Amino acid sequence: MSPQKMSVRRVAVVGGARIPFARSDGPYATASNQQMLTAALDGLVERHGLQEPGAVGEFVAGAVLKHSRDFNLARETVLGSKLHPATPAYDIQQACGTGLQAVIAAANKIALGQTESAVAGGADTASDAPLGVNDSLRRILLQARRAKSLGGRVKALAKVRPGHLVPDIPRNAEPRTGLSMGEHAAVTARAWGIGRAAQDELAAASHQRLAAAYERGFFQDLVIPFRGLARDQNLRPGSTAEKLASLKPVFGLAHPDPTMTAGNSTPLTDGAATVLLASEEWARQRGLEPLAYLTAYETAAVDFVGGDIAGGEDGLLMAPAYAVPRMLERAGLHLADFDLVEIHEAFASQVLATLAAWEKRGLGTVDRARLNVVGSSLATGHPFAATGARIVATLAKLLAERDAPARGLISICAAGGQGVTAILERD
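Residues numbered from 1 in each chain as written. Predicted model: local features only at pLDDT ≥ 70, side-chain atom pairs only at ≥ 80, totals over all residues. Heavy atoms only, no water.

A. Representation of the packing of aromatic side chains. Under the counting rule described, the total for this entry stands at four aromatic pairs. Ring centres 4.7 Å apart and planes at 40 degrees place the aromatic pair Tyr214 and Phe219 in the tilted group. Judged by its relative accessible area of 10%, Tyr214 is buried. Here Phe219 falls in the buried class, since its relative accessible area comes to 4%. Seen from their ring centres, Phe251 and Phe347 are 6.0 Å apart, and the 90 degrees between their planes marks the pair as edge-to-face. One end of the pair, Phe251, is in strand 6 (residues 249-251); the other, Phe347, is in the loop between strand 10 (340-343) and helix 12 (348-360), with 96 residues separating them in the sequence. Residue classification places Phe251 among the buried positions, given a relative accessible area of 19%. Ring-pair connections join several aromatic residues into one group, and the members of that group are Tyr214, Phe218 and Phe219. The ring of Tyr293 is capped by Arg10, whose NZ or CZ atom sits 3.7 Å from the centre of that ring. (Phe/Tyr/Trp six-rings, centres within 6.5 Å; stacked < 30°, edge-to-face > 60°. Buried < 20%, exposed > 50% of the residue type's maximum accessible area, 1.4 Å probe, protein only. Helix = DSSP H or I, 4+ residues; strand = E, 2+ residues; numbered from the N terminus. Lys NZ or Arg CZ within 6 Å of the ring centre and 35° of its normal.)

Dropping the structure here:
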(Lines give C-alpha, C1' and ligand atoms only; values in the text may rest on other atoms or scores of the structure.)
Protein backbone atom coordinates (compact mmCIF):
# COMPACT_ATOMS: atom_id res chain seq x y z
CA MET A 1 0.00 0.00 0.00
CA SER A 2 1.54 3.26 -1.11
CA PRO A 3 1.71 6.10 1.43
CA GLN A 4 -0.84 8.86 1.06
CA LYS A 5 0.40 12.12 -0.35
CA MET A 6 0.37 14.75 2.38
CA SER A 7 -0.82 18.28 1.62
CA VAL A 8 -0.62 21.24 3.96
CA ARG A 9 -3.97 22.86 4.80
CA ARG A 10 -4.80 26.19 6.37
CA VAL A 11 -5.54 26.07 10.09
CA ALA A 12 -8.42 28.22 11.29
CA VAL A 13 -8.78 29.74 14.74
CA VAL A 14 -12.51 29.33 15.37
CA GLY A 15 -12.94 30.60 18.92
CA GLY A 16 -11.64 30.67 22.45
CA ALA A 17 -12.77 30.50 26.05
CA ARG A 18 -11.03 31.21 29.32
CA ILE A 19 -11.90 31.87 32.91
CA PRO A 20 -11.05 35.27 34.40
CA PHE A 21 -7.48 35.28 35.70
CA ALA A 22 -7.12 35.72 39.46
CA ARG A 23 -4.27 36.82 41.68
CA SER A 24 -2.66 33.94 43.56
CA ASP A 25 -4.09 33.07 46.99
CA GLY A 26 -7.34 34.74 46.00
CA PRO A 27 -10.67 33.42 44.64
CA TYR A 28 -9.05 30.36 43.03
CA ALA A 29 -6.81 29.46 45.98
CA THR A 30 -8.49 26.06 46.34
CA ALA A 31 -9.01 25.41 42.61
CA SER A 32 -6.79 22.84 40.94
CA ASN A 33 -5.31 23.01 37.46
CA GLN A 34 -7.83 20.41 36.36
CA GLN A 35 -10.82 22.28 37.78
CA MET A 36 -9.82 25.54 36.11
CA LEU A 37 -8.98 23.91 32.80
CA THR A 38 -12.25 21.98 32.85
CA ALA A 39 -14.22 25.20 33.38
CA ALA A 40 -12.51 26.86 30.41
CA LEU A 41 -12.97 23.79 28.23
CA ASP A 42 -16.65 23.43 29.14
CA GLY A 43 -17.23 27.05 28.17
CA LEU A 44 -15.68 26.41 24.77
CA VAL A 45 -17.66 23.18 24.26
CA GLU A 46 -20.97 24.84 25.12
CA ARG A 47 -20.43 27.92 22.97
CA HIS A 48 -19.47 25.93 19.88
CA GLY A 49 -21.64 22.84 20.32
CA LEU A 50 -18.83 20.30 20.64
CA GLN A 51 -20.53 17.71 22.83
CA GLU A 52 -21.13 14.91 20.33
CA PRO A 53 -18.69 12.04 19.68
CA GLY A 54 -15.90 12.97 17.30
CA ALA A 55 -16.63 16.69 17.38
CA VAL A 56 -13.04 17.38 18.44
CA GLY A 57 -10.11 15.35 17.15
CA GLU A 58 -7.95 15.85 20.22
CA PHE A 59 -7.23 18.08 23.20
CA VAL A 60 -3.70 19.39 23.83
CA ALA A 61 -2.91 21.30 27.02
CA GLY A 62 -0.45 21.62 29.86
CA ALA A 63 0.58 23.27 33.08
CA VAL A 64 3.92 24.49 34.38
CA LEU A 65 3.33 24.01 38.11
CA LYS A 66 2.02 20.45 38.32
CA HIS A 67 1.18 18.14 41.20
CA SER A 68 1.63 14.40 40.86
CA ARG A 69 -2.18 14.33 40.61
CA ASP A 70 -1.86 16.36 37.41
CA PHE A 71 -0.43 13.31 35.68
CA ASN A 72 -2.25 13.08 32.33
CA LEU A 73 -3.82 16.49 33.03
CA ALA A 74 -5.28 17.01 29.56
CA ARG A 75 -6.89 13.56 29.41
CA GLU A 76 -8.29 13.79 32.94
CA THR A 77 -9.70 17.21 32.06
CA VAL A 78 -11.50 15.71 29.07
CA LEU A 79 -12.97 12.93 31.23
CA GLY A 80 -14.34 15.49 33.67
CA SER A 81 -15.62 17.88 31.02
CA LYS A 82 -18.54 18.14 28.60
CA LEU A 83 -16.29 17.12 25.73
CA HIS A 84 -16.98 13.54 24.66
CA PRO A 85 -14.90 11.06 26.72
CA ALA A 86 -13.65 9.35 23.55
CA THR A 87 -11.60 12.46 22.72
CA PRO A 88 -7.82 11.75 22.83
CA ALA A 89 -5.68 14.16 24.83
CA TYR A 90 -2.07 14.72 25.83
CA ASP A 91 0.05 17.10 27.88
CA ILE A 92 2.71 19.52 26.69
CA GLN A 93 5.01 21.90 28.59
CA GLN A 94 7.41 24.67 27.59
CA ALA A 95 7.22 27.05 30.54
CA CYS A 96 5.39 30.27 29.61
CA GLY A 97 5.29 29.15 25.97
CA THR A 98 3.17 26.10 26.85
CA GLY A 99 -0.15 27.47 25.64
CA LEU A 100 1.18 28.61 22.28
CA GLN A 101 3.14 25.38 21.80
CA ALA A 102 -0.09 23.47 22.46
CA VAL A 103 -1.73 25.51 19.70
CA ILE A 104 1.18 24.77 17.36
CA ALA A 105 1.09 21.03 18.12
CA ALA A 106 -2.63 20.85 17.40
CA ALA A 107 -2.31 23.03 14.30
CA ASN A 108 0.37 20.79 12.80
CA LYS A 109 -1.95 17.77 12.84
CA ILE A 110 -4.77 19.76 11.29
CA ALA A 111 -2.44 21.17 8.62
CA LEU A 112 -1.31 17.65 7.67
CA GLY A 113 -4.83 16.27 7.56
CA GLN A 114 -4.33 14.00 10.58
CA THR A 115 -7.32 15.55 12.33
CA GLU A 116 -10.04 18.03 11.42
CA SER A 117 -10.33 19.89 14.71
CA ALA A 118 -8.56 20.26 18.04
CA VAL A 119 -8.66 22.25 21.24
CA ALA A 120 -5.45 23.61 22.74
CA GLY A 121 -4.86 25.39 26.01
CA GLY A 122 -3.31 25.43 29.43
CA ALA A 123 -3.81 26.16 33.10
CA ASP A 124 -1.68 27.14 36.05
CA THR A 125 -2.21 27.84 39.71
CA ALA A 126 0.40 29.71 41.71
CA SER A 127 -1.86 29.35 44.78
CA ASP A 128 -1.84 25.55 44.81
CA ALA A 129 1.82 25.09 43.94
CA PRO A 130 3.18 21.60 44.68
CA LEU A 131 5.32 21.15 47.79
CA GLY A 132 8.05 18.55 47.49
CA VAL A 133 9.27 16.25 50.21
CA ASN A 134 12.63 17.33 51.59
CA ASP A 135 15.15 15.47 49.43
CA SER A 136 17.00 14.02 52.41
CA LEU A 137 13.72 12.71 53.82
CA ARG A 138 12.83 11.28 50.43
CA ARG A 139 16.07 9.30 50.34
CA ILE A 140 15.44 7.96 53.85
CA LEU A 141 11.91 6.89 52.95
CA LEU A 142 13.15 5.13 49.83
CA GLN A 143 15.81 3.37 51.89
CA ALA A 144 13.11 2.22 54.32
CA ARG A 145 10.97 0.96 51.45
CA ARG A 146 13.86 -1.08 50.07
CA ALA A 147 14.67 -2.64 53.45
CA LYS A 148 14.04 -6.41 53.59
CA SER A 149 13.06 -6.56 57.25
CA LEU A 150 11.20 -4.62 59.91
CA GLY A 151 14.49 -3.95 61.64
CA GLY A 152 15.96 -2.49 58.47
CA ARG A 153 12.98 -0.19 58.02
CA VAL A 154 13.18 0.97 61.64
CA LYS A 155 16.92 1.60 61.28
CA ALA A 156 16.34 3.74 58.18
CA LEU A 157 13.47 5.71 59.71
CA ALA A 158 15.53 6.38 62.81
CA LYS A 159 17.63 8.73 60.69
CA VAL A 160 14.75 11.19 60.33
CA ARG A 161 15.47 14.54 62.01
CA PRO A 162 13.19 17.58 62.51
CA GLY A 163 14.95 19.44 59.69
CA HIS A 164 13.92 16.71 57.28
CA LEU A 165 10.26 17.68 57.75
CA VAL A 166 10.71 21.07 56.12
CA PRO A 167 9.17 20.80 52.60
CA ASP A 168 10.85 21.89 49.40
CA ILE A 169 8.86 24.91 48.22
CA PRO A 170 8.96 25.78 44.50
CA ARG A 171 11.20 28.76 43.82
CA ASN A 172 10.73 31.33 41.10
CA ALA A 173 14.33 30.97 40.07
CA GLU A 174 16.28 29.60 37.15
CA PRO A 175 18.06 26.36 38.19
CA ARG A 176 21.21 27.31 36.25
CA THR A 177 21.64 30.73 37.82
CA GLY A 178 19.60 30.86 41.02
CA LEU A 179 18.19 34.21 39.92
CA SER A 180 14.46 34.86 39.79
CA MET A 181 12.87 35.83 36.50
CA GLY A 182 12.47 39.36 37.84
CA GLU A 183 16.16 39.62 38.65
CA HIS A 184 17.05 38.36 35.19
CA ALA A 185 14.68 40.93 33.67
CA ALA A 186 16.39 43.63 35.72
CA VAL A 187 19.74 42.64 34.19
CA THR A 188 18.21 42.89 30.72
CA ALA A 189 16.63 46.26 31.51
CA ARG A 190 20.05 47.64 32.46
CA ALA A 191 21.71 46.13 29.38
CA TRP A 192 19.17 47.73 27.05
CA GLY A 193 18.86 51.00 28.98
CA ILE A 194 15.14 50.61 29.69
CA GLY A 195 13.99 53.44 31.97
CA ARG A 196 11.37 53.51 34.72
CA ALA A 197 9.01 56.03 33.10
CA ALA A 198 8.67 54.00 29.89
CA GLN A 199 7.89 50.87 31.89
CA ASP A 200 5.20 52.58 33.94
CA GLU A 201 3.61 54.09 30.84
CA LEU A 202 3.41 50.68 29.16
CA ALA A 203 1.93 49.07 32.29
CA ALA A 204 -0.68 51.80 32.70
CA ALA A 205 -1.68 51.46 29.05
CA SER A 206 -2.17 47.72 29.50
CA HIS A 207 -4.67 48.27 32.33
CA GLN A 208 -6.46 51.11 30.56
CA ARG A 209 -6.83 49.15 27.32
CA LEU A 210 -8.04 45.99 29.06
CA ALA A 211 -10.61 48.03 31.01
CA ALA A 212 -11.85 49.67 27.80
CA ALA A 213 -12.13 46.27 26.11
CA TYR A 214 -14.28 44.92 28.94
CA GLU A 215 -16.45 48.02 28.84
CA ARG A 216 -17.23 47.61 25.15
CA GLY A 217 -18.06 43.92 25.62
CA PHE A 218 -15.07 42.56 23.72
CA PHE A 219 -14.57 39.66 26.13
CA GLN A 220 -18.22 38.67 26.39
CA ASP A 221 -17.75 35.56 24.26
CA LEU A 222 -14.19 34.84 25.41
CA VAL A 223 -14.36 34.92 29.21
CA ILE A 224 -16.38 32.42 31.28
CA PRO A 225 -17.30 33.52 34.85
CA PHE A 226 -15.74 31.27 37.47
CA ARG A 227 -15.93 31.23 41.28
CA GLY A 228 -17.46 34.67 41.53
CA LEU A 229 -15.17 36.40 39.03
CA ALA A 230 -16.41 37.83 35.74
CA ARG A 231 -13.32 39.95 34.98
CA ASP A 232 -9.60 39.53 35.46
CA GLN A 233 -8.93 40.30 39.11
CA ASN A 234 -5.62 42.03 38.50
CA LEU A 235 -7.24 44.71 36.33
CA ARG A 236 -6.85 48.23 37.71
CA PRO A 237 -8.89 50.55 35.44
CA GLY A 238 -7.63 53.66 37.17
CA SER A 239 -3.96 52.89 36.61
CA THR A 240 -1.83 55.78 35.41
CA ALA A 241 1.88 56.22 34.90
CA GLU A 242 1.82 58.81 37.70
CA LYS A 243 0.28 56.37 40.19
CA LEU A 244 2.67 53.60 39.21
CA ALA A 245 5.61 55.96 39.65
CA SER A 246 4.95 55.99 43.39
CA LEU A 247 5.69 52.27 43.80
CA LYS A 248 9.02 51.11 45.17
CA PRO A 249 11.33 48.94 43.04
CA VAL A 250 11.35 45.22 43.89
CA PHE A 251 13.93 43.81 41.43
CA GLY A 252 17.51 44.81 40.73
CA LEU A 253 17.94 46.41 44.15
CA ALA A 254 21.63 45.53 44.28
CA HIS A 255 22.31 48.09 41.54
CA PRO A 256 21.82 51.86 41.39
CA ASP A 257 18.49 53.25 40.20
CA PRO A 258 16.41 50.06 40.00
CA THR A 259 13.35 50.45 37.77
CA MET A 260 11.20 47.34 38.14
CA THR A 261 8.23 47.43 40.53
CA ALA A 262 5.23 45.28 41.33
CA GLY A 263 3.23 47.61 39.10
CA ASN A 264 5.29 47.11 35.94
CA SER A 265 5.80 43.38 36.56
CA THR A 266 3.23 40.61 36.15
CA PRO A 267 1.81 39.20 39.42
CA LEU A 268 1.59 35.50 40.27
CA THR A 269 -1.72 34.37 38.81
CA ASP A 270 -4.21 31.48 38.63
CA GLY A 271 -6.27 30.70 35.54
CA ALA A 272 -6.93 28.62 32.42
CA ALA A 273 -7.60 29.23 28.73
CA THR A 274 -8.55 27.22 25.63
CA VAL A 275 -8.78 27.83 21.89
CA LEU A 276 -10.58 25.92 19.13
CA LEU A 277 -8.67 25.15 15.92
CA ALA A 278 -9.96 23.45 12.79
CA SER A 279 -9.67 22.92 9.07
CA GLU A 280 -11.66 25.24 6.85
CA GLU A 281 -13.84 22.31 5.76
CA TRP A 282 -14.72 21.38 9.33
CA ALA A 283 -15.66 24.97 10.19
CA ARG A 284 -17.73 25.32 7.04
CA GLN A 285 -19.65 22.10 7.69
CA ARG A 286 -20.59 23.31 11.16
CA GLY A 287 -21.52 26.80 10.05
CA LEU A 288 -18.68 28.40 12.01
CA GLU A 289 -16.82 31.42 10.64
CA PRO A 290 -13.04 31.29 11.21
CA LEU A 291 -11.77 34.29 13.11
CA ALA A 292 -8.29 34.04 11.61
CA TYR A 293 -5.73 31.56 10.31
CA LEU A 294 -2.49 30.43 11.94
CA THR A 295 0.03 30.80 9.12
CA ALA A 296 3.51 30.63 10.68
CA TYR A 297 5.30 29.92 13.94
CA GLU A 298 8.86 29.82 15.22
CA THR A 299 10.73 29.01 18.42
CA ALA A 300 14.16 30.07 19.60
CA ALA A 301 16.45 29.91 22.62
CA VAL A 302 19.33 32.00 23.93
CA ASP A 303 22.35 31.29 26.12
CA PHE A 304 21.14 33.42 28.99
CA VAL A 305 23.50 31.70 31.41
CA GLY A 306 26.56 33.01 29.63
CA GLY A 307 24.94 36.11 28.20
CA ASP A 308 22.68 37.49 30.90
CA ILE A 309 24.95 36.93 33.87
CA ALA A 310 27.68 38.80 32.02
CA GLY A 311 25.30 41.71 31.57
CA GLY A 312 24.88 41.12 27.86
CA GLU A 313 21.82 41.71 25.71
CA ASP A 314 20.79 38.05 25.38
CA GLY A 315 18.81 37.91 28.58
CA LEU A 316 16.56 35.18 29.91
CA LEU A 317 13.46 36.54 28.16
CA MET A 318 15.03 37.69 24.90
CA ALA A 319 14.64 34.64 22.65
CA PRO A 320 11.80 36.32 20.65
CA ALA A 321 14.47 38.76 19.46
CA TYR A 322 15.75 35.84 17.37
CA ALA A 323 12.56 33.85 16.73
CA VAL A 324 10.65 36.73 15.16
CA PRO A 325 13.34 37.79 12.64
CA ARG A 326 13.70 34.17 11.48
CA MET A 327 9.94 33.76 11.16
CA LEU A 328 9.50 37.01 9.26
CA GLU A 329 12.33 36.18 6.88
CA ARG A 330 10.78 32.80 6.14
CA ALA A 331 7.36 34.40 5.60
CA GLY A 332 8.77 37.29 3.53
CA LEU A 333 7.32 39.88 5.92
CA HIS A 334 8.41 42.94 7.91
CA LEU A 335 7.06 44.41 11.15
CA ALA A 336 5.38 47.11 9.07
CA ASP A 337 3.23 44.39 7.49
CA PHE A 338 1.41 43.70 10.77
CA ASP A 339 -1.78 45.46 11.77
CA LEU A 340 -1.56 44.17 15.34
CA VAL A 341 1.28 42.98 17.56
CA GLU A 342 0.78 40.96 20.74
CA ILE A 343 3.81 40.71 23.03
CA HIS A 344 3.34 38.79 26.28
CA GLU A 345 4.01 41.24 29.09
CA ALA A 346 5.98 39.23 31.62
CA PHE A 347 7.52 42.57 32.56
CA ALA A 348 7.19 45.98 30.98
CA SER A 349 10.97 46.13 30.70
CA GLN A 350 11.05 42.84 28.77
CA VAL A 351 8.50 44.13 26.24
CA LEU A 352 10.50 47.32 25.71
CA ALA A 353 13.78 45.40 25.42
CA THR A 354 12.22 43.09 22.82
CA LEU A 355 11.02 46.07 20.77
CA ALA A 356 14.49 47.61 21.00
CA ALA A 357 16.11 44.34 19.92
CA TRP A 358 13.84 44.01 16.87
CA GLU A 359 14.70 47.56 15.86
CA LYS A 360 18.42 46.91 16.34
CA ARG A 361 18.16 43.82 14.15
CA GLY A 362 16.66 45.89 11.34
CA LEU A 363 13.01 44.89 11.67
CA GLY A 364 11.83 48.45 12.19
CA THR A 365 9.64 49.92 14.91
CA VAL A 366 6.25 48.85 16.20
CA ASP A 367 3.54 51.49 16.28
CA ARG A 368 2.39 51.56 19.93
CA ALA A 369 -1.18 52.04 18.76
CA ARG A 370 -0.97 48.50 17.32
CA LEU A 371 0.70 46.90 20.36
CA ASN A 372 -1.42 44.92 22.86
CA VAL A 373 -4.47 46.96 21.92
CA VAL A 374 -6.78 45.34 24.51
CA GLY A 375 -4.14 45.00 27.20
CA SER A 376 -2.00 42.00 28.01
CA SER A 377 -0.38 40.13 30.89
CA LEU A 378 0.47 43.15 33.05
CA ALA A 379 -3.27 43.76 33.34
CA THR A 380 -4.79 40.29 32.89
CA GLY A 381 -2.19 38.43 34.92
CA HIS A 382 -0.17 35.47 33.70
CA PRO A 383 -1.10 31.88 34.60
CA PHE A 384 1.98 30.48 32.88
CA ALA A 385 0.54 27.78 30.60
CA ALA A 386 -2.70 29.68 29.91
CA THR A 387 -1.23 32.82 28.38
CA GLY A 388 -0.60 31.44 24.89
CA ALA A 389 -4.20 30.34 24.36
CA ARG A 390 -5.45 33.66 25.78
CA ILE A 391 -3.37 35.63 23.30
CA VAL A 392 -4.26 33.47 20.27
CA ALA A 393 -8.01 33.73 20.93
CA THR A 394 -7.78 37.46 21.68
CA LEU A 395 -5.74 38.31 18.61
CA ALA A 396 -7.94 36.16 16.35
CA LYS A 397 -11.03 38.04 17.50
CA LEU A 398 -9.32 41.41 17.06
CA LEU A 399 -8.45 40.49 13.48
CA ALA A 400 -12.02 39.31 12.86
CA GLU A 401 -13.37 42.70 13.95
CA ARG A 402 -11.63 44.37 11.01
CA ASP A 403 -13.45 44.89 7.73
CA ALA A 404 -10.32 44.31 5.64
CA PRO A 405 -7.63 41.60 5.49
CA ALA A 406 -5.34 41.87 8.49
CA ARG A 407 -2.29 40.25 10.03
CA GLY A 408 -1.15 39.85 13.64
CA LEU A 409 2.13 38.88 15.32
CA ILE A 410 2.44 36.95 18.61
CA SER A 411 5.62 36.96 20.72
CA ILE A 412 5.94 35.01 23.98
CA CYS A 413 9.08 34.73 26.10
CA ALA A 414 9.60 31.75 28.39
CA ALA A 415 11.77 30.50 31.22
CA GLY A 416 14.94 28.71 30.25
CA GLY A 417 15.82 31.42 27.74
CA GLN A 418 13.18 30.36 25.21
CA GLY A 419 10.68 32.11 22.96
CA VAL A 420 7.61 31.02 21.00
CA THR A 421 6.18 33.21 18.24
CA ALA A 422 3.43 32.96 15.63
CA ILE A 423 1.53 34.80 12.90
CA LEU A 424 -2.27 35.00 12.54
CA GLU A 425 -3.91 36.28 9.36
CA ARG A 426 -7.43 37.03 8.18
CA ASP A 427 -8.47 37.22 4.54
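Once the structure has been displayed, the description carries forward.
B. Representation of the packing of helix 6 (residues 181-192) against helix 12 within the structure. Packing of helix 6 against helix 12 leaves a shortest axis separation of 9 Å and a crossing angle of 40 degrees. On the basis of their axis angle, the class for helix 6 and helix 12 is oblique. Regarding helix 6 and helix 12, the two cross each other, and that crossing is left-handed. Taken together, the residues of helix 12 that come into contact with helix 6 (itself represented by Ala185, Thr188, Ala189 and Trp192) are Ser349, Ala353, Ala356, Ala357 and Lys360. Here the residues of the contact of helix 6 with helix 12 are counted per class, giving six nonpolar, two polar and one charged. (Axes fitted to C-alpha atoms, helices over the stretch in contact; angles between N-to-C directions. Parallel < 35°, antiparallel > 145°, perpendicular 65-115°, else oblique. Left-handed = near helix turned anticlockwise from the far one by under 90°. Contact = heavy atoms within 4.5 Å. Nonpolar A, V, L, I, M, F, W, Y, C, P; charged D, E, K, R; others polar.)

C. Here's a closer look at the environment of Ala245. With respect to the helices and strands, Ala245 occurs in the loop between helix 8 (241-244) and strand 6. In this structure, the C-alpha to C-alpha distance between Ala245 and Glu201, residues 44 residues apart in sequence, is 9.2 Å. Discounting residues that sit within four places of it in the chain, Ala245 has contacts with Arg196 and Asp200.

D. Expanded view of the environment of Ala348. Mapped onto the secondary structure, Ala348 falls in helix 12. For Ala348 and Arg370, which are 22 residues apart along the polypeptide, the C-alpha to C-alpha distance reads 16 Å. In contact with Ala348, not counting residues within four places along its chain, are Gln199, Leu202, Asn264 and Leu378.

E. Molecular detail of unusual backbone geometry. For Asp25, which is not a glycine, the phi torsion comes out positive at approximately 60 degrees. Relative to the helices and strands, Asp25 resides in the loop between strand 2 (22-23) and helix 1 (33-48). Positioned with a positive phi, Ala95 is a non-glycine residue whose angle comes to about 50 degrees.

F. Fine view of the side chain of Ser265. Of note, Ser265 is situated in the loop between strand 7 (260-261) and strand 8 (269-279). You can call Ser265 buried: its relative accessible area is 5%. Here Thr261 takes part through its backbone oxygen, which lies 2.7 Å from a polar atom of the side chain of Ser265. Ignoring anything within four residues of it in the chain, the contact list for Ser265 reads Phe251, Met260, Ala346, Phe347 and Leu378. (Polar contact = N/O pair within 3.5 Å; in protein donor to acceptor, adjacent residues only side chain to side chain.)

G. Seen up close, the pattern of salt bridges. Tallied over the entire structure, the rule returns 19 salt bridges. Close ionic contact of Glu280 with Arg10 constitutes a salt bridge, the shortest N to O distance being 2.9 Å. Remark: Arg10 occurs in the segment before strand 1 (11-18) and Glu280 occurs in helix 9 (residues 280-285); sequence separation between them is 270 residues. Judged by relative accessible area, which is 23%, Glu280 ranks as partly exposed. (Salt bridge = Lys/Arg side-chain N within 4 Å of Asp/Glu carboxyl O.)

H. Summary view of helix 4 (residues 135-146). Taking 1.5 Å of rise per residue, the 12 residues of helix 4 would be expected to cover 16 Å, and the 17 Å separating its terminal C-alpha atoms lies within 8% of that figure. Buried residues of helix 4: Leu137, Ile140 and Ala144, and no others. Here the buried residues of helix 4 occupy an arc of 60 degrees about the axis, which is enough to place them on one side. Those residues of helix 4 that are exposed and aimed more than 90 degrees away from the buried face are Arg139, Arg145 and Arg146. Buried-residue contacts for helix 4 involve helix 5 (150-157). (Expected span 1.5 Å × (residues − 1). Arc of directions from axis to C-beta.)

I. The arrangement of the environment of Ala301 in detail. For Ala301, the position within the fold is in strand 9 (residues 292-301). Ala301 sits in the exposed class, given a relative accessible area of 56%. With 116 residues separating them in the primary sequence, Ala301 and Gly417 have C-alpha atoms 5.4 Å apart.

J. A look at the pairing of strand 5 (residues 117-124). Burial within strand 5 is extensive, with eight of its eight residues counted as buried. Burial of the side chains of strand 5 extends over both faces: Ser117, Val119, Gly121 and Ala123 are buried on one face and Ala118, Ala120, Gly122 and Asp124 on the other. Relative to strand 5, strand 3 (residues 58-62) runs parallel, the two being bridged by five bridges. Its bridge partner lying in strand 5, Val60 is registered against Ala120. Alignment of strand 5 against strand 8, held across eight bridges, turns out to be antiparallel. Of the residues in strand 8, the one forming a bridge with Ala118 is Leu277. (Pairing = 2+ DSSP bridges.)

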